[in-house]
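# An overview of the molecular structure
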Amino acid sequence: MDGKVVVVTSGKGGVGKTTISASLGAALALQGKRVAVVDMDIGLRNLDVVMGLENRIVFNIVDIIKGRCKIKQAAIRDRRIDNLYLIPASQSDDKNAIKPENMVWLTNRLRKEFDVTLLDCPAGIEQGFKNSIAAADEAIVVCTPEVSAVRDADRIIGLLYAQSITPKLIVNRIVPEMVKNGDMLSHEDVVEVLAIDLIGLIEMDDRVVVSTNTGTPLILQEESKAGMALQRIALRLDGHPDLPIENPMDKKSFWKKLGSRFSRKN
Amino acid sequence: MNHNDDPPVKIKGVGDSLWVAVNPNLPVEQLKKELIKPFERLKHLAINARIIIDTGKDDQENNDRLIEELGNYLKAEFQVGHVSKPTPPKRSVNKNRIRQQDMGNAWHHYRNDGLLIAGRVRSGQKIQAKKHLIILGDLNPGAEVIAGGDIIILGCLQGKASAGQPDNENAIIMALEFKPTQIQIGGFVAAGMADSSADRPEFASVEENAIIVDDYIKGNPFRRLAWPEVR
């Protein structure tokens, strides 16, 4: 059976597409799937850095499209996680180096080799985005609880629907304490505007910065809330759609409250 | 009307009578002379005919005398039958009443140019309607709708809505949840709406050269209309 192609997109930059692509790829591979993660951000590649595979790049996606190498030559295998492959972007070309039909051709090849192909879409709605969604079966829209990110995600969702793709939503970088104080949009607010199915909520996690800087997969880090959330999203994405979505709670304040209650009694 | 330019005598058949219009400004003798010519031509048709003499004036006394004299003359000369003056036309319709149309049959007379759409209008999408626009759904921030007439949103309005484009200032914008980023009615623009957190339907209209937003339930502008009318 052919594998599926999932595009991770957001419209706005810096909301966590690349980190989520890398982590979801790793999580799916750990669940026993054969996974290819494709960096679509030609000219501004950084998925390879996040995955810690930068020093092993020989060929890239433009080389594949131009026929300068085979897919197997360009796909870099992750040595820490079995069945996880990266197809890096070219740093010297620009987004016009490939066309949507090239991507359809490439993903049809990848479908035969991999159970899941994740496309890490660049920010914006220009050529890179068009290339990415041309070949996708499914889409994950990443949005942070900010008005600007919601606005861009809304636009992206409209464009995805225009391509007959029904997207799913990840709300990233939730700070429960701020949501509780009313300083941040809650995920309910985001879902109310975007009106698409939620596939996961990811809490703000400082470990993500460490992980991306060192190139170690987030989900291999123990006790990372974001990593755990991403593992659950990977399960929902592949075969367990009914896994309940956990609402990140302000656990600290919960204990504080409990503590204050006890202290009052004393 | 200047009667001096009119021919002194005109005759036409009205129903079962002969309508004789005479110019009352001329002397009676001249009118008698003028009457001879057409009545001689009528010959026996004039005998026993009903005659209505119209002087075109409301001046009662002089009129009646003129009509009587001319009537007697005609009776004597041409053996006409009954001579009378014109009866004033009946006013069956009261001019002061507002014209009321029966909307029960409106479908036969009016075709609707409105655009009715269902669904969510997302950021970056732009919907234009020639006349009225009705959206069964929400208008997200960043989305834009433009209509020649009214805009009615049965949902949450958060984007930009322009009604009555280009110059219809009677248009309204109504939404169940009214939180627009900007609205326009005709040439008027209103932006940065004060945070109207009222969870009630509201509408915007132009009043005294400014856009006013009011509670739709309380300030329904159409409630005062005496009779349903086409918008």
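Residues numbered from 1 in each chain as written. Chains lettered and ligands numbered in written order. Predicted model: local features only at pLDDT ≥ 70, side-chain atom pairs only at ≥ 80, totals over all residues.

On to the overall build of chain A. Helix and strand content of chain A: 12 helices and eight strands. Compactness check: chain A gives a C-alpha radius of gyration of 19 Å against a globular reference of 18 Å for 266 residues, within 12% of the reference. Its C-alpha atoms give chain A principal-axis dimensions of about 75 × 40 × 35 Å. Partitioning the intrachain contacts of chain A with sequence separation of at least 6 by distance along the chain shows that 77% fall at a separation of at least 24. (Helix = DSSP H or I, 4+ residues; strand = E, 2+ residues; numbered from the N terminus. Rg over C-alpha atoms; globule rule 2.2 N^0.38 Å. Contact = placed C-beta atoms within 7 Å.)

Let us look at the overall build of chain B. Counting its regular elements, chain B contains four helices and 15 strands. Residues classed as buried in chain B amount to 27% of the 231 residues present. Summarising the internal contacts of chain B: among those between residues at least 6 apart in sequence, 29% fall at separations of at least 24. (Buried ≥ 20, exposed ≤ 12 C-beta atoms within 10 Å, placed from the backbone.)

This brings us to the domain arrangement of chain B. Note on interface size: it is often stated as the accessible area lost on association of the parts. As far as domains go, chain B holds domain 1 (3–84) and domain 2 (112–219). In this structure, domain 1 of chain B and domain 2 of chain B have C-alpha centres spaced 68 Å apart. (Domains from an automatic or database assignment.)

Turning next to the interface of chain A and chain B. At the interface, seven residues of chain A touch eight residues of chain B. By residue number, the principal contributor to the side of chain A that touches chain B is helix 7 (residues 147–162) of chain A, which donates five residues. Tallied by class, residues from the side of chain A that touches chain B come to three nonpolar, one polar and three charged. (Nonpolar A, V, L, I, M, F, W, Y, C, P; charged D, E, K, R; others polar.)

Okay, the sheet that holds strand 5 (residues 116–120) of chain A next. All names here are of chain A. In spatial order, the strands read 3-4-2-5-1-6-7-8; together these eight strands make up an open sheet with mixed pairing. A strand with exactly one partner marks an edge of an open sheet, and here the two such strands are strand 3 (76–77) and strand 8 (197–203). For strand 6 (residues 138–143) and strand 7 (residues 167–174), the ladder comprises five bridges, and the chain directions are parallel. When the sheet's bridge partners are listed, cysteine 143 is paired in strand 7 with valine 171. On the sheet, helix 1 (residues 17–30) packs against strand 1 (4–9), strand 2 (35–39), strand 4 (84–87), strand 5, strand 6 and strand 7 and is oriented at approximately 170° with respect to strand 5. Along the sheet face, helix 6 (residues 127–134) touches strand 1, strand 5 and strand 6 and points at about 155° away from the line of strand 1. (Pairing = 2+ DSSP bridges. Axes fitted to C-alpha atoms, helices over the stretch in contact; angles between N-to-C directions.)

All names here are of chain A. Between the first and last C-alpha of helix 5 (residues 100–113) there are 20 Å, a value that for 14 residues agrees with the 20 Å anticipated at 1.5 Å per step. Taken residue by residue, helix 5 has Met103, Leu106, Thr107 and Leu110 as its buried positions. Down the axis of helix 5, the buried side of the element spans an arc of 100°, and every buried residue falls inside it. Facing away from the buried side of helix 5, by more than 90 degrees, are the exposed residues Glu101, Asn108 and Lys112. Buried-residue contacts for helix 5 involve strand 1, strand 2, helix 3 (61–65), strand 5 and helix 6. (Expected span 1.5 Å × (residues − 1). Arc of directions from axis to C-beta.)

All names here are of chain B. If you walk across this open sheet you meet the five strands as 6-8-10-12-13, and the pairing is mixed. Only two strands of the sheet have a single partner each, and these edge strands are strand 6 (126–129) and strand 13 (188–191). Pairs of neighbouring strands in the sheet enclose a mean axial angle of 10°, with direction left out of account. Pairing geometry for strand 6 and strand 8 (residues 144–147), over four bridges, is parallel. Looking at strand 8, one finds that alanine 129 is bridged to alanine 147.

Attention now moves to the packing of helix 1 (residues 28–42) of chain B against helix 2 (residues 60–78) of chain B. Residue and element names in this part refer to chain B. For the pair helix 1 and helix 2, interaxial distance at closest approach is 11 Å and the crossing angle is 40°. The angle between helix 1 and helix 2 falls in the class oblique. Between helix 1 and helix 2 lies a crossing of right-handed hand. Here Val28, Leu31, Lys32, Leu35 and Phe39 of helix 1 come into contact with helix 2, specifically with Leu66, Glu69, Leu70, Tyr73, Leu74 and Phe78. When the residues that make up the contact of helix 1 with helix 2 are grouped by side-chain class, the tally is nine nonpolar, no polar and two charged. (Parallel < 35°, antiparallel > 145°, perpendicular 65-115°, else oblique. Left-handed = near helix turned anticlockwise from the far one by under 90°.)

In this structure, Val35(A), Ile61(A), Cys143(A) and Leu230(A) are the most contacted members of the largest nonpolar core, which totals 81 residues. Residue contacts for Cys143(A): discarding those within four places in its chain leaves Ser10(A), Val15(A), Ala149(A), Val150(A), Ala153(A), Leu169(A), Val171(A), Asn172(A), Val190(A) and Leu194(A). Counting residues in hydrophobic clusters, the runner-up holds 25 residues, among them Val145(B), Ala163(B), Met174(B) and Val206(B). (Core = buried A, V, L, I, M, F, W, Y, C linked by C-beta atoms within 7 Å.)

All names here are of chain A. Among the residues making up helix 9 (residues 187–194), those that are buried are His187, Val190, Val193 and Leu194. Buried residues of helix 9, seen end-on, are gathered within an arc of 125° and therefore sit on one face of the element. Close packing links the buried residues of helix 9 with strand 6, helix 7, strand 7 and strand 8. Backbone geometry just after helix 9 places alanine 195 at a positive phi near 50°.

A word on the environment of Val142(A). All names here are of chain A. Note that valine 142 resides in strand 6. Residues valine 142 and valine 193, spaced 51 residues apart in sequence, show a C-alpha to C-alpha distance of 14 Å. Not counting residues up to four positions away in its chain, the partners in contact with valine 142 are Val8, Ser10, Val15, Gly16, Lys17, Ile20, Ile170 and Asn172.

Residue and element names in this part refer to chain B. The topology assignment puts glycine 187 in the loop between strand 12 (182–185) and strand 13. In this structure glycine 187 comes out as partly exposed when scored by C-beta crowding, with 13 C-beta atoms within 10 Å. With 23 residues separating them along the chain, glycine 187 and glycine 164 place their C-alpha atoms 8.5 Å apart.

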